[in-house]
Amino acid sequence: MTARTPRLSRLRRLTPGRGEDGAGRSGRRRGAAPKVVALGGGQGLSASLAALRRITGDLTAVVTVADDGGSSGRLREELGVLPPGDLRKALAALCGDDDWGQTWARVIQHRFQSQGDLHGHAVGNLLIVALWEQLGDPVQALDLVGRLLGAQGRVLPMSAVPLELQALVKGHDPARPEDVDTVRGQATVALTPGEVLSVQVVPGDPPAVPEAVAAVLDADWVVLGPGSWFSSVIPHLLVPQLLDALVETKARRVLSLNLAPQPGETEGFSPQRHLEVLARHAPKLALDVVLADEAAVPDRESLADAAKRFGAAVELAPVAREDGSPKHDPELLAAAYDRIFRMHGRIGPWR
């Protein structure tokens, strides 16, 4: 941890947290790794996992299964399987930095380029679906892929059935800017030019994967976000059993905000508005920490007020890449998570 100490010291707290000393009020044993569950999908979850695997060896990713675009959408439609794309990305993010891990990360992310039916398909998607068909058990298959890759953590789908995302969108048709339409499909919702008012999933009471629920209940820390807010982050709150686990768990809960609004679904959103729409979808959810990049928060007081509604402190840290792109730097994000875990502790002892 020595190399990251200067970065850790740059983290700023806007509101007091719990557990101010190095061990926290939890009595965490020095050197013990917390059990961490990260929820999300796509590039946002991948960024969080790439950071978290640097600071804990006990890591579980719970991944959205509403994707209906690209290779995942084609496999889902043709074979009736869970969309594998976000699960593949999570597995790639958990690959180690050695030659084995990085080679396999590149292999499963590789997409075929052709004039035929294989065009656009990712190798990892085909591998995952093949094992699903061979084993008949999505969780067992993902565990097997993880062992093959040497993944530094476990990847689970949030639900046992593929979900359809539906959103109420104001101005989805630019010719009717005041009309509210129902927009269907994750890919369409993510790119809508209108204002997303709310989202739901179909079926409306989807079964959660039991292993995902158990992981949340047994965690020391749960990390939600970053990622596409309406299509990757909020869907986890629309699976009743998973939401119940997030509400009931004794784990500390961190919400990691995006570095910038996303064109389409969160165009023009302030950091605090992200919290407001989250509260509308899950009013019973409590949080302990809201993590944001210090350069992406123009109104710190408003963000602190929005976080208080969840019972959360705000932590500001430099977590963006230095090239100016709206992407998280894995080392900086790891430093921020590490400091949060040390500062805020948890109720029970670290395992």
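Quick caveat, the model's predicted, so the values are computed rather than measured. (Residues numbered from 1 in each chain as written. Predicted model: local features only at pLDDT ≥ 70, side-chain atom pairs only at ≥ 80, totals over all residues. Heavy atoms only, no water.)

Draft legend 1. Local environment of the overall build of the protein. Of the regular secondary structure elements, the protein holds 14 helices and eleven strands. Within the protein, buried positions represent 55% of all 351 residues. A fraction of 73% describes how many contacts in the protein between residues 6 or more apart in sequence connect residues 24 or more apart. For the protein, the exposed area adds up to about 14900 Å²; of that, 51% sits on carbon and sulfur atoms. (Helix = DSSP H or I, 4+ residues; strand = E, 2+ residues; numbered from the N terminus. Buried < 20%, exposed > 50% of the residue type's maximum accessible area, 1.4 Å probe, protein only. Contact = heavy atoms within 4.5 Å. Areas by Shrake-Rupley, 256 points an atom, 1.4 Å probe, with all protein chains shown as cover.)

Draft legend 2. How the structure looks around the sheet that holds strand E7 (residues 195-202). Spatial strand order, E6-E5-E7: three strands in an open sheet with antiparallel pairing. Lying at the two open borders of the sheet, with one neighbouring strand each, are strand E6 (180-184) and E7. Going from strand to strand, the sheet's axes swing by 20 degrees on average, the running direction of each strand aside. For strand E5 (residues 164-170) and E6, the ladder comprises five bridges, and the chain directions are antiparallel. (Pairing = 2+ DSSP bridges. Axes fitted to C-alpha atoms, helices over the stretch in contact; angles between N-to-C directions.)

Draft legend 3. Highlighting the packing of helix H2 (residues 42-52) against helix H14 (residues 330-344). Direction vectors running N to C along H2 and H14 enclose 65 degrees, while the axes themselves pass 8 Å from each other. As far as their axial angle goes, H14 and H2 are roughly perpendicular. When the axes of H2 and H14 are compared, the crossing they make is right-handed. For the pair H2 and H14, the contacting residues are Ala 47, Ser 48, Ala 50, Ala 51 and Leu 52 in the first and Pro 330, Leu 333, Ala 334, Tyr 337 and Phe 341 in the second. Looking at the contact of H2 with H14 residue by residue, the classes come out as nine nonpolar, one polar and no charged. (Parallel < 35°, antiparallel > 145°, perpendicular 65-115°, else oblique. Left-handed = near helix turned anticlockwise from the far one by under 90°. Nonpolar A, V, L, I, M, F, W, Y, C, P; charged D, E, K, R; others polar.)

Draft legend 4. A look at the pattern of salt bridges. Tallied over the entire structure, the rule returns twelve salt bridges. For Asp 218, the salt bridge goes to Lys 35, with nearest N and O atoms at 2.6 Å. Taken together, the positions of Asp 218 in helix H9 (residues 210-218) and Lys 35 in the loop between strand E1 (12-13) and strand E2 (36-40) put the pair 183 residues apart, joining distant regions of the chain. Residue Asp 218 is classed as partly exposed on the basis of its relative accessible area, which comes to 34%. Linked through salt bridges whose partners overlap, the residues forming this network are Asp 173, Arg 176, Asp 179 and Asp 181. (Salt bridge = Lys/Arg side-chain N within 4 Å of Asp/Glu carboxyl O.)

Draft legend 5. Quick look at unusual backbone geometry. At the junction of Val 202 and Pro 203, the peptide bond is cis and its omega measures out at 0 degrees in the coordinates. Along the chain, the position of Pro 203 falls in the loop between E7 and H9. In this model, Gly 225 is joined to Pro 226 through a cis peptide bond whose omega is 0 degrees.

Draft legend 6. Representation of the environment of His 119 within the structure. If you trace the backbone, His 119 turns up in the loop between helix H5 (99-109) and helix H6 (123-135). When the C-alpha positions of His 119 and Ser 71 are compared, they lie 8.7 Å apart, and in sequence the two are 48 residues distant. Setting aside chain neighbours within four positions, we find His 119 in contact with Arg 74, Phe 112, Gln 113 and Ser 114.

Draft legend 7. Focus on the packing of aromatic side chains. One pass over the structure, following the stated rule, counts four aromatic pairs. Look at Phe 230 and Phe 269: their rings are 6.1 Å apart centre to centre, the planes differ by 80 degrees, and that puts the pair in the edge-to-face class. One end of the pair, Phe 230, is in helix H10 (residues 229-233); the other, Phe 269, is in the loop between strand E9 (252-256) and helix H12 (271-281), with 39 residues separating them in the sequence. Here Phe 230 and Phe 269 have matching classes, each one buried. Linked through ring pairs, Trp 221, Tyr 337 and Phe 341 together constitute an aromatic cluster. (Phe/Tyr/Trp six-rings, centres within 6.5 Å; stacked < 30°, edge-to-face > 60°.)

Draft legend 8. Representation of the side chain of Thr 64 within the structure. Take Thr 64: it is sitting in the loop between strand E3 (59-63) and helix H3 (70-79). Here Thr 64 falls in the buried class, since its relative accessible area comes to 1%. Ignoring any residue separated from it by four or fewer positions in sequence, one finds Thr 64 in contact with Gly 40, Gly 41, Asp 86, Met 158, Gln 186, Ser 231, Ser 232, Pro 235 and His 236.

Draft legend 9. A look at H6. Look at H6: 18 Å from first C-alpha to last across 13 residues, which is about the 18 Å you get at 1.5 Å a residue. Inspection of H6 places Gly 124, Asn 125, Ile 128, Val 129, Leu 131 and Trp 132 among the buried residues, and these make up the whole buried set. Looking down the long axis of H6, one finds its buried residues gathered within 160 degrees of arc, a one-sided arrangement. More than 90 degrees from the buried face of H6, the exposed residues found are Glu 133 and Gln 134. Packed against the buried residues of H6 are H3, helix H4 (85-93), H5 and helix H7 (138-149). Note on H6: the residue one or two positions beyond its end, Gly 136, has a positive phi of about 70 degrees. (Expected span 1.5 Å × (residues − 1). Arc of directions from axis to C-beta.)

Draft legend 10. Region of interest: the nonpolar core. Leu 278 and Tyr 337 are the most contacted members of the largest nonpolar core, which totals 103 residues. Sequence-distant contacts of Leu 278, defined by excluding residues within four places in its chain, comprise Leu 224, Trp 229, Val 233, Ile 234, Leu 237, Leu 255, Leu 285, Leu 287 and Phe 310. (Core = buried A, V, L, I, M, F, W, Y, C linked by side-chain atoms within 4.5 Å.)

Draft legend 11. Seen up close, the side chain of Gln 186. In this fold, Gln 186 is placed in helix H8 (residues 186-190). On the accessibility criterion, Gln 186 (6% relative accessible area) is buried. From its side chain, Gln 186 meets the backbone oxygen of Ser 231 in a polar contact 2.5 Å long. The contacts of Gln 186, once residues within four sequence positions are left out, are Thr 64, Ala 66, Asp 67, Asp 68, Leu 165, Ser 231 and Ser 232. (Polar contact = N/O pair within 3.5 Å; in protein donor to acceptor, adjacent residues only side chain to side chain.)

Draft legend 12. Highlighting the confidence of the model for the protein. Chain-level pLDDT for the protein is 87 on average; 89% of the residues reach the 70-or-more range. Counting interchain partners and residues more than four positions distant, the pLDDT-below-50 stretch residues 347-351 has 25 contacts. (pLDDT = per-residue confidence, 0-100.)

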